[in-house]
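Residue strings, one per chain:
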Amino acid sequence: MTISKVVTAAALALAAMGAQAELVVNGSFEADAQANGTWSTHSNLTGWTGMTNIELRNNVAGQAQDGVNFVELDTTRNMSMKQTITGNGLYQLSFWYSAREGRAAGDNGLDFSFGSLSGSVLQTTAGAASGHVWQHYTGLVTLTGATDLVFSAVGASTSYGGSLDNVSVTAVPEPETYAMLLAGLGVMGAVARRRKAQQA
Ligand SMILES: [Ca+2]
Ligand SMILES: [Ca+2]
Ligand SMILES: [Ca+2]
């Protein structure tokens, strides 16, 4: 194996580790059709269980962070939704949130809960005059089996609330995995150097 092939193999291995499998089903809310400029409420969405209603929106009071659809959970009143994720080890939760345009502080709250990881986002932030101002949230959590990922609208129950999009959960490789990969690459590099020396 030539040095360039070793380098290529290393790059492919690292790329494969970087592209961790996505565990959330329909995390961007694109699986259910919603026409441009419209919204509708659903008991459930693909992958998600509503408690009780989920509002699916496409280019209404702001555009999606990813794709064309996003979700709002203050429907007729504050609601929740959940999806059960199964994993063992360390995982990263990632999602995007925006306060709703023109709504006062305290009307846009969103709580999230995922095993030992929970919190509130932007409960005291007013929406922009027009459209979305998306903000990215990430957190690490250790999972030990099936775990509910829950989002809940909180604050003033007015039928207007914050927007959610692009929810993701991916495994975080353990340090031991990297150590094994690097050790393996070291062996491959040594073999390549020896072969090159023998050819010379
Ligand atoms: Ca989306
Ligand atoms: Ca609403
Ligand atoms: Ca509200």
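Structure: see above.
Structure report, in brief. Small disclaimer: the values here were computed from a predicted structure and weren't measured.

So, how was this worked out
- Residues numbered from 1 in each chain as written.
- Chains lettered and ligands numbered in written order.
- Predicted model: local features only at pLDDT ≥ 70, side-chain atom pairs only at ≥ 80, totals over all residues.
- Helix = DSSP H or I, 4+ residues; strand = E, 2+ residues; numbered from the N terminus.
- Buried ≥ 20, exposed ≤ 12 C-beta atoms within 10 Å, placed from the backbone.
- Contact = placed C-beta atoms within 7 Å.
- Core = buried A, V, L, I, M, F, W, Y, C linked by C-beta atoms within 7 Å.
- Pairing = 2+ DSSP bridges.

## Structural notes on the overall build of the protein
No. 1: The secondary structure content of the protein amounts to two helices and eight strands.
No. 2: Buried residues in the protein amount to 27% of all 200 residues.
No. 3: Pairs at least 24 apart in sequence give 73% of the contacts found in the protein among residues at least 6 apart.

## Overview of the nonpolar core
No. 1: Counting residues in each nonpolar core, the largest one holds 26 residues, and the members touching the most others are Leu-73, Leu-110 and Leu-164.
No. 2: The leading source of residues in this core is strand β4 (residues 80-98), at seven residues.
No. 3: For Leu-110, the contacting residues outside a window of four places in its chain are Leu-73, Tyr-97, Val-121, Phe-151, Ala-153, Val-154, Gly-162 and Leu-164.

## Side note on the environment of Val-154
No. 1: Mapping Val-154 onto the fold places it in strand β7 (residues 135-154).
No. 2: Along the sequence, Val-154 and Asp-74 sit 80 residues apart, while their C-alpha atoms lie 7.9 Å from each other.

## Here's the deal with the environment of His-132
No. 1: Position of His-132 among the secondary structure elements: in the loop between β6 (117-121) and β7.
No. 2: A residue is classified by how many C-beta atoms lie within 10 Å of it, and His-132, with 22 of them, is buried.
No. 3: Each C-alpha atom, one on His-132 and one on Gln-63, is 6.7 Å from the other, the two residues being 69 residues apart in sequence.
No. 4: The residues touching His-132, leaving out its near neighbours within four places in the chain, are Gly-62, Gln-63, Ser-98 and Ser-163.

## Some details on the pairing of strand β1 (residues 38-45)
No. 1: Relative to strand β2 (residues 48-58), β1 runs antiparallel, the two being bridged by seven bridges. Following the sheet pairing, Thr-41 is matched in β2 by Glu-55.

## Side note on unusual backbone geometry
A negative phi angle characterises most non-glycine residues, just as the trans form characterises most peptide bonds.
No. 1: With omega at 15 degrees, the peptide bond leading from Met-51 into Thr-52 counts as cis.
No. 2: Positionally, Thr-52 belongs in strand β2.
No. 3: Phi is positive for Phe-29, close to 65 degrees, though the residue is something other than glycine.
No. 4: Within the secondary structure, Phe-29 is located in the loop between α1 (3-18) and β1.

## Focus: the pairing of β4
No. 1: Bridging between β2 and β4 involves three bridges; their strand directions are antiparallel. Directly across from Gly-50, in β4, lies its bridge partner Met-81.
No. 2: Pairing analysis gives seven bridges linking β4 to strand β8 (residues 163-171), with the strands arranged antiparallel. Of the residues in β8, the one forming a bridge with Ser-94 is Ser-168.

## Describing the environment of Ser-157
No. 1: Within the secondary structure, Ser-157 is located in the loop between β7 and β8.
No. 2: Expressed as a C-alpha distance, the spacing of Ser-157 and Asp-74, which sit 83 residues apart in the sequence, is 6.6 Å.
No. 3: With near-sequence residues (within four places) excluded, Ser-157 lies in contact with Asp-74, Arg-77 and Asn-78.

By themselves, these figures tell us nothing about what the structure is for.
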